[in-house]
Amino acid sequence: MVLEGLSVNSAKKLYIETFGCQMNVNDSETMVSLLKELAYEPTDSPSSADLIILNTCCIRAKAEQKVYSELGRLKDLKRGGRRVILGVGGCIAQQMGDRLFKRVPYLDLVFGTHSLHLLPEMVRAAERGERVSRNDFLDSETRRDLFPRWDAQSGISRFVTVMQGCDNFCSYCIVPYVRGREVSRRSAEILRDIREMAEAGVREVTLLGQNVNSYGLKSPGEPDFAGLLRSVAEIDGIERIRFTTSHPKDMSSSLIDCFSDLEKLCGHIHLPAQSGSDRILERMNRGYTRREYLEKIAALKQARPDIAVTGDMIVGFPGETEDDFSQTLSLMEEVGYADLFSFVFSARRETAAAKYPDGLTRREKEERLSRLQKCQDRLSLARNESLVGTCQEVLVEGESRRSGQIFGRTGGNRIVNFAADPALMGRIVSVRIVRAFRNSLLGELL
Ligand code: SAH
Ligand code: SF4
Ligand code: F3S
């Protein structure tokens, strides 16, 4: 008995900070469950942690700098009397490997994106005082067997990784170098996990991958992404299905058909265009033209007239002229994005575009970004205003900051705040939209 008490009191604390995309968020969830077998429990405070892991991103220079400044702050913690293990995982770890030990001498652990499954044994080694680093790339067959299973944590909405890696090599992008080649998870495993999630009360799943619409294309005998969606839609208990991210060139007509056929599939598509200019799209190696992109959007709108389209744009790509940029703005108007993530081009080591001559000044790029964002503010508000007076199905996620209100998301992924009982959490309710803001809606429970 005493021993049991001791083991509870001595539970080790794990602090994880996630810097990257939804895939990284999902990987952090996997780390938490893998480290349970070593008796680590999550904590929100780095100063009380026995193990600190930074799950890193290097998509743009800013993301990378954030990680290094956080490592700088953590140095003092390492200097304090208490022993704490400091580890770096994710995309910077994959790219840098043990070179990170040189840059950050007080680091104990480096594990790349293909080494997640090794985390428990690496942490054991670090507990013995060893310094360990792993950033090998694994072959696809091995990786197919290593997709983490669902960790039995419940919740209303969960991520399900269906594929990882990217073979597209857009000329600006680091992802193919840090996530490796595309590999799809076996559909039987995905469906088994989602069935179990549904039984445990999960109502919404978001299928994740760097490029979900090439799911299954390299796996003979497996369904394609549209086929996978159709099977997920048959699972009782799952009421909403989302997915991200899609590449326009692989947006097949069978996938577009899913938006007219599958009621559970939310009316939202995140389809990054990156630019509205054919010249720039070609230099980006995106594999589609502006016209082809707009044709896919038109087909999606035909399949689901109220579909919310969101996207990503890069401004200041090397060689982008004022004319190229104005084509990006006009594409935004034509699509009528509900929302947009926009970034100034950031040169990434190893990528082709890092060697392209870049004639624009920083100021010109920032100025274009701010014009683009102003345009998007107007489009987002207009889209939200068009919803005023409509009735929306909202999946309740939690309590709003304003007391007496709760919030949830529409199928189109807009946040709606409305006055209601928090006991509605996890339910899909009908809400009438009464006011629109740039980033959210105000509603009334029906
Ligand atoms: N797999 C996703 C994108 C992942 S990266 C897709 O293909 O859509 C998320 C976004 O970051 C990209 O869509 C792009 O807009 C942006 N991005 C990627 N590399 C970048 C770079 N070097 N500079 C600026 N933005 C970049
Ligand atoms: Fe990067 Fe392009 Fe792959 Fe997306 S599709 S992850 S932007 S290389
Ligand atoms: Fe960043 Fe890696 Fe995701 S570079 S965007 S965390 S795949």
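Everything numeric here is computed off the predicted structure, so don't read it as measured data. (Residues numbered from 1 in each chain as written. Chains lettered and ligands numbered in written order. Predicted model: local features only at pLDDT ≥ 70, side-chain atom pairs only at ≥ 80, totals over all residues. Heavy atoms only, no water.)

1. A word on the site of ligand 3
In step 1: Around ligand 3, the neighbouring residues are Gly20, Cys21, Asn24, Thr56, Cys57, Cys58, Ile59, Cys91, Arg179 and Gln210.
In step 2: Per-class residue counts for the shell around ligand 3 are five nonpolar, four polar and one charged. (Near = heavy atom within 4 Å. Nonpolar A, V, L, I, M, F, W, Y, C, P; charged D, E, K, R; others polar.)

2. So, the sheet that holds strand β15 (residues 391-399)
Two modes of strand pairing occur in sheets, parallel and antiparallel, and in both the strands are linked by backbone hydrogen bonds.
In step 1: The five strands lie next to each other as β15-β16-β17-β19-β18, forming a closed barrel whose pairing is mixed. When strand polarity is set aside, the average angle formed by the axes of neighbouring strands in this sheet is 55 degrees.
In step 2: Bridge analysis of strand β17 (residues 415-419) against strand β19 (residues 440-445) gives four bridges, and the strand direction is parallel. What sits directly across from Ile415, in β19, is Ser440. (Pairing = 2+ DSSP bridges. Helix = DSSP H or I, 4+ residues; strand = E, 2+ residues; numbered from the N terminus. Axes fitted to C-alpha atoms, helices over the stretch in contact; angles between N-to-C directions.)

3. Some thoughts on empty space enclosed by the protein
Picture a little ball the size of a water molecule; that probe, rolled over the atoms, points out where space is still empty.
In step 1: As enumerated under the stated definition, the model contains one cavity of 30 Å³ or more in all.
In step 2: Estimated volume of the largest cavity: approximately 30 Å³.
In step 3: Taken together, Asp27, Met31, Asn55, Gly90, Gly112, Thr113, Leu116 and Arg179 form the lining of the largest cavity.
In step 4: Among the residues making up the lining of the largest cavity, the classes are represented as two nonpolar, four polar and two charged. (1 Å grid on protein atoms, 1.4 Å probe; cavity = no way out; pocket = protein on both sides within 12 Å on 5 of 7 lines; lining within 4 Å. Points joined across faces, edges and corners; volume = space filled by probe spheres on them.)

4. Quick look at the pairing of strand β10 (residues 204-208)
In step 1: Here β10 lies mainly inside the structure; five of its five residues are buried.
In step 2: The sheet contact formed by strand β7 (residues 157-161) and β10 spans five bridges and is parallel. Of the residues in β10, the one forming a bridge with Val160 is Leu207.
In step 3: Here β10 runs beside strand β11 (residues 240-244); their pairing, made up of five bridges, is parallel. The residue of β11 that forms the bridge with Thr206 is Arg242. (Buried < 20%, exposed > 50% of the residue type's maximum accessible area, 1.4 Å probe, protein only.)

5. A short note on the packing of aromatic side chains
In step 1: Under the criterion given, the structure shown has seven aromatic pairs.
In step 2: Relative to Tyr177, the ring of Phe169 has its centre 5.4 Å away and its plane inclined at 85 degrees; by these criteria the two rings are edge-to-face.
In step 3: Measuring from centroid to centroid gives 6.0 Å for Phe243 and Phe259, while their planes differ by 55 degrees, and the two rings are tilted. Residue Phe243 is located in strand β11, and its partner Phe259 is located in helix α11 (residues 253-261); the two are separated by 16 residues in the primary sequence. Summarising the burial analysis for this pair, Phe243 and Phe259 share the class buried.
In step 4: A network of ring pairs unites the aromatic residues Tyr172, Phe317, Phe345 and Tyr356 as a single cluster. (Phe/Tyr/Trp six-rings, centres within 6.5 Å; stacked < 30°, edge-to-face > 60°.)

6. Remarks on the pattern of salt bridges
In step 1: Inspection of the entire model under this criterion finds 40 salt bridges.
In step 2: Here Arg290 and Glu334 are joined by a salt bridge, their closest N and O atoms 3.1 Å apart. In this pair, Arg290 is assigned in helix α13 (residues 290-303) and Glu334 in helix α14 (residues 322-335), connecting sequence segments 44 residues apart.
In step 3: Taking the relative accessible area as the measure of exposure, Arg290 reaches 14% and is therefore buried. (Salt bridge = Lys/Arg side-chain N within 4 Å of Asp/Glu carboxyl O.)

7. A closer look at the packing of α14 against helix α15 (residues 362-386)
In step 1: One way to put it is that α14 packs onto α15 with a least axis distance of 10 Å and a crossing angle of 15 degrees. As judged from the angle between their axes, α14 and α15 are roughly parallel. The hand of the α14/α15 crossing is right-handed. Note on element contacts: α15 touches α14 through Arg368, Arg371, Leu372, Cys375, Gln376, Arg378 and Leu379, opposite Glu322, Phe325, Thr328, Leu329, Met332 and Glu333. (Parallel < 35°, antiparallel > 145°, perpendicular 65-115°, else oblique. Left-handed = near helix turned anticlockwise from the far one by under 90°. Contact = heavy atoms within 4.5 Å.)

8. Quick look at the site of ligand 2
In step 1: Close contacts around ligand 2 come from Cys166, Asn168, Phe169, Cys170, Tyr172, Cys173, Val175, Pro176, His247 and Arg286, and that covers them all.
In step 2: Taken together, the residues that form the shell around ligand 2 break down as seven nonpolar, two polar and one charged.

9. What to know about the side chain of Arg368
In step 1: Looking at where Arg368 falls in the secondary structure, it is placed in helix α15.
In step 2: Beyond its immediate stretch of four places on either side in the chain, Arg368 contacts Val315, Glu320, Thr321, Glu322, Phe325 and Leu360.

10. Observations regarding the domain arrangement of the chain
A common way to report how large an interface is uses the accessible area buried once the components associate.
In step 1: When the domains of the chain are assigned, the result is domain 1 (12-136), domain 2 (138-266), domain 3 (272-386) and domain 4 (391-445).
In step 2: Put simply, the middle of domain 1 and the middle of domain 3, counted by C-alpha atoms, are 34 Å apart.
In step 3: Taken residue by residue, the interface counts seven residues in domain 1 and six residues in domain 3.
In step 4: A buried area of about 570 Å², summed over both sides, lies between domain 1 and domain 3, and 36% of it is on carbon and sulfur atoms.
In step 5: In this assembly, domain 1 and domain 3 are joined by two salt bridges.
In step 6: Glu64 is the partner of Arg349 in a salt bridge, and the nearest nitrogen-oxygen pair spans 3.5 Å.
In step 7: Counting across the domain 1 and domain 3 interface gives five residue pairs in polar contact (both at pLDDT 80 or more).
In step 8: Mapped onto the side of domain 1 that touches domain 3, the elements with two or more residues apiece are α3 (61-79) and α4 (90-96). (Domains from an automatic or database assignment. Buried area = accessible area lost by both parts, 1.4 Å probe. Polar contact = N/O pair within 3.5 Å; in protein donor to acceptor, adjacent residues only side chain to side chain.)

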